[in-house]
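A closer look at the structure
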Amino acid sequence: MANSPTNFIKSDPDCIIDIQTPRYSFLSAQYKQSFAYKTMRNRLPAILENIIENITKDAENIIAEFGEETRKEIYDVADRILKLKFKLENDYVMKTFKGEARDKKLWNDFLNQQNNDSNSFLKACWLYAECYVYRRLYYFFENHRILKTYDYFSQNKQKAFTISVGAMLNVFEVLQSMKSHISDDNLKLLLKLNLWGNRCDLSISSGKEVKPGDNPFELARNLDKKIIVDESCKIIECLNHADRKNSVIEFICDNAGYELFTDFILADYLIESKLVSKVRFNLKAMPWFISDATFNDFRWSLEYMKNHSSPVLREYGQKWQAFVIGNKFELANVNYFWTSPYEYYRMPEIDPELHKRLSKSHLVIFKGDLNYRKLISDFSWDCTESFKTCLKGFQPTNLCSLRTIKADLICGLLEGQSKSLEKENNEWMITGEFGTIQFAAKCDCFHNSDR
Ligand SMILES: O=P(O)(O)OC[C@H]1O[C@](O)(CO)[C@@H](O)[C@@H]1O
């Protein structure tokens, strides 16, 4: 890594202003008292440093697996990541992509539309800049002959799955007793189990292990007061209206590991209870935000379960693989919209085919914090604004969001609610301690009170 820029920059560039994000503005790292600032100034540079450390530490293993030719690629990639970190820290402009990338046009069109004065790492909307860093990172690997298929986050993701086996076994134990007893209460509990699965994301912890507790159902039962908007009843009502023989649910997945496992659990229940006929999983086309689930992670997880020493894990691994073969679980085709910087309200214009497909499903379940940011546009809404308003017209069909709160934006709260949360803990929006279950009906057929 000779000639690489060193990380001498610690003082803030001039664009940073020491204020909170003003109301009704895009989130951005230029507001020093925001979580965007913390992410772009501290968390992301640390994440990039970790990747360099991991791939160089693991270099001999990677070389043993892929051959001597990889050595040069590893050090070249490490050098590029270090330069990216330098550019991020010094607020460089986010340049278009020149080399190989299937989604090059999607990204370059987006970047070319941006205002020159604000198209830099720290001045841009946080969502755009954070997505750009992950996209640029993959681009370095993608443009190497051998490393193009290497997932630099896979070890973290696989570890996240394997350390959760205790929790998974507990989930199966409770689930067995539910089988004979299909009910709205059970479905509600599974929605909550699924929500708390979103706590296990590795980007908020900058890649450090996050292990679920060993008794997740107990957690799901006891954490109701941490769910500060709970519209699970509306989701259940919506599911009860599904055409049972012909209904598809789309999961817009988030993290691999334990969270993906909870997605399988909820999907299994929806199929077994015959509420819907198919669940489609939308996965990431590239390593994304450290722990987001890719196609490979999906397959790896089922294979890992199928070969596990625990009979129940083996049984479900086989069962869910059979669901994939039998089309009850479907993997949606690769789609680069999910790793683009676009907010979801722009989907009809940017990817009309995807919008059309989603609109044919009965319900779309958006998992996690990043999907939430894309749903409500990385914007400092007044927190009492309705979810529906913040979607800015994005309503392909019934949709819901299950999210543990890890970023300082929210909507759908009651008057005074945020003040009392603030008193409890002034970091309540960034710890993942609280969660929201929000729902927006396509039409007024359900009681979607527009709070
Ligand atoms: O896995 P999730 O729930 O999408 O969380 C990842 C998100 O959380 C953060 O770490 C904080 O918002 C972001 O960097 C990212 O948007």
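Residues numbered from 1 in each chain as written. Predicted model: local features only at pLDDT ≥ 70, side-chain atom pairs only at ≥ 80, totals over all residues. Heavy atoms only, no water.

Filter applied, for reference: UniProt positions are given in the numbering used here, feature names are shortened, and annotations may be inferred rather than shown by experiment.
Where an unreviewed UniProt entry is consulted, the protein chain appears under the name Sugar phosphate phosphatase, with the organism given as Ceratitis capitata. Listed under Sequence similarities (unreviewed entry) in UniProt, the entry text for the protein chain is "Belongs to the damage-control phosphatase family. Sugar phosphate phosphatase III subfamily."

1. Structural notes on the site of the ligand
Rule in force here: One heavy atom suffices: a residue is near a molecule or strand as soon as one of its heavy atoms comes within 4 Å of it. Polar contact criterion, stated in full: a pair of N or O atoms within 3.5 Å, where within protein one must be able to donate a hydrogen and the other to accept it, and residues adjacent in sequence count only if both atoms are side-chain atoms. All accessible areas in this document rest on Shrake-Rupley with a 1.4 Å probe, and a residue is counted as covered only by the protein chains that are shown. In this text, helices come from DSSP runs of H or I with a minimum length of four residues, and strands from runs of E with a minimum of two, each type numbered from the N-terminal end. Classes in brief: Ala, Val, Leu, Ile, Met, Phe, Trp, Tyr, Cys and Pro nonpolar; Asp, Glu, Lys and Arg charged; the others, Gly included, polar.
Looking at the ligand, there are 17 residues lining it, with R43, E130, D369, R373 and K406 nearest. R373 places a polar side-chain atom, nitrogen or oxygen, 2.6 Å from an oxygen atom of the ligand. Within the complex, 100% of the 390 Å² of free accessible area of the ligand lies under protein. Broken down by secondary-structure element, the contributors of at least two residues to the shell around the ligand are α1 (35–57), α5 (126–142) and α16 (368–375). For the shell around the ligand, the leading source of residues is α16, giving four residues. Per-class residue counts for the shell around the ligand are six nonpolar, four polar and seven charged.

2. Description of the pattern of salt bridges
Once the charged atoms of two side chains with opposite charge are near each other, the side chains can pair. Formally: For this analysis, a salt bridge means a side-chain nitrogen from Lys or Arg found within 4 Å of a carboxyl oxygen belonging to Asp or Glu. Burial classes follow relative accessibility: with a 1.4 Å probe on protein chains only, a residue under 20% of its type's maximum area counts as buried, one over 50% as exposed, and anything between as partly exposed.
Per the stated rule, a full pass over the model turns up 35 salt bridges. A salt bridge links E53 to K57; the nearest nitrogen and oxygen atoms lie 3.6 Å apart. Taken together, the positions of E53 and K57, both in helix α1 and four residues apart, correspond to about one turn of that helix. With a closest N to O distance of 2.8 Å, D91 and K123 form a salt bridge. Here D91 is found in the loop between α3 (70–89) and α4 (104–113), whereas its partner K123 is found in the loop between α4 and α5, with 32 residues between them in sequence. The class for D91 is buried, based on a relative accessible area of 11%. A single network of salt bridges, built from pairs that share partners, joins E250, K278, R280, E330 and R357.

3. Considering the domain arrangement of the protein chain
Where we set the bar: Throughout the structure description, domain borders are defined by an automatic or database domain assignment. Two parts placed together each lose some accessible area under a 1.4 Å probe, and the buried area is that loss summed for both.
By domain assignment, the protein chain separates into domain 1 (35–152) and domain 2 (157–440). Taken over C-alpha atoms, the centre of domain 1 sits 27 Å from the centre of domain 2. In total, domain 1 and domain 2 occlude about 2400 Å² of area from one another, counting both sides; carbon and sulfur atoms represent 64% of this. Taken together, the links from domain 1 to domain 2 amount to two salt bridges. Measuring nitrogen to oxygen at the nearest pair gives 2.8 Å for the salt bridge that ties E130 to R373. Of all the elements in the fold, those that place two or more residues in the side of domain 1 that touches domain 2 are α1, α4 and α5.

4. Thoughts on the environment of Q417
Mapped onto the fold, Q417 is located in helix α18 (residues 417–424). Here Q417 falls in the buried class, since its relative accessible area comes to 17%. Along the backbone, Q417 and T384 are 33 residues apart, and their C-alpha atoms lie at a distance of 8.8 Å.

5. A word on helix α15 (residues 352–359)
Test applied: Within this analysis, the arc is defined by the directions that extend from the helix axis to the C-beta atoms. Contacts: residue pairs with any heavy atoms within 4.5 Å of one another.
Of the positions making up α15, those classed as buried are L354, H355 and L358. Viewed along the axis of α15, the buried residues span an arc of 100°, placing them on a single side of the element. Residues of α15 that are buried sit in contact with β2 (248–252), α14 (347–350) and β5 (363–367).

6. Looking at the packing of aromatic side chains
The relation between two aromatic rings is expressed through the spacing of the ring centres and the mutual angle of the planes. Counted only if it meets this: Only Phe, Tyr and Trp rings are paired, with Trp represented by its six-membered ring, and only when their centres lie within 6.5 Å; those with planes under 30 degrees apart are stacked, over 60 edge-to-face, the remainder tilted. For a Lys NZ or an Arg CZ to count as sitting over a ring, it must be within 6 Å of the ring centre and within 35 degrees of the ring normal.
Evaluated as defined, the whole model comprises 48 aromatic pairs. Taking 5.4 Å as the distance between ring centres and 55° as the angle between the ring planes, the aromatic pair formed by W288 and F289 counts as tilted. Taking the ring centre of F97 as reference, the NZ or CZ of R135 above it sits at 5.6 Å. Directly above the aromatic system of Y139 lies the positively charged group of R136, at a separation of 4.9 Å from the ring centroid.

7. Overview of the sheet that holds strand β4 (residues 329–331)
Pairing between the strands of a sheet is mediated by backbone hydrogen bonds and can be parallel or antiparallel. Worth spelling out the cut-off: What makes two strands pair is DSSP finding at least two bridges between them. Axis definition: a line fitted to C-alpha atoms, over the contacting stretch in the case of helices. Angles run 0 to 180 degrees between N-to-C directions.
Strand order in this open sheet of seven strands is β1-β7-β6-β5-β2-β3-β4, and the pairing throughout is mixed. The sheet terminates laterally at β1 (227–230) and β4, the two strands that pair on one side only. For this sheet the average axis-to-axis angle between neighbouring strands, irrespective of direction, equals 15°. Helix α11 (residues 258–272) rests against β2, β3 (278–282), β4 and β5 of the sheet, and its axis sits at about 160° to β3.

8. Points about the confidence of the model for the protein chain
Atomic detail in the predicted coordinates should be set aside for any region of low pLDDT. Rules: What pLDDT conveys is the predictor's confidence in a given residue, as a value from 0 to 100.
Here the protein chain averages 93 in pLDDT, and 94% of its residues register 70 or above. Contacts of residues 1–8 to residues separated by more than four positions or lying in other chains number 16 contacts, the stretch itself having pLDDT below 50.

9. Overview of the environment of E100
Mapped onto the elements, E100 comes out in the loop between α3 and α4. Along the chain, E100 and E142 lie 42 residues apart, while their C-alpha atoms are 7.3 Å from each other. If near-sequence neighbours (up to four positions away) are discounted, E100 is found in contact with Y139, E142 and N143.

10. Remarks on the pairing of β2
What counts, and what does not: Clockwise travel from the first strand over the helix to the second, with the strands pointing away from the viewer, marks a crossover as right-handed.
Where burial is concerned, most of β2 is hidden: five out of the five residues are buried. Side-chain alternation along β2 places V248, E250 and I252 on one buried face and I249 and F251 on a second face that is also buried. Sheet topology places β2 next to β3; five bridges connect them, and they run parallel. Note on β3: the bridge partner recorded for I252 is N282. Following the backbone out of β2, through α11 and into the adjacent parallel β3, one traces a crossover that is right-handed. Both β2 and β5 contribute to a ladder of four bridges, which runs parallel.

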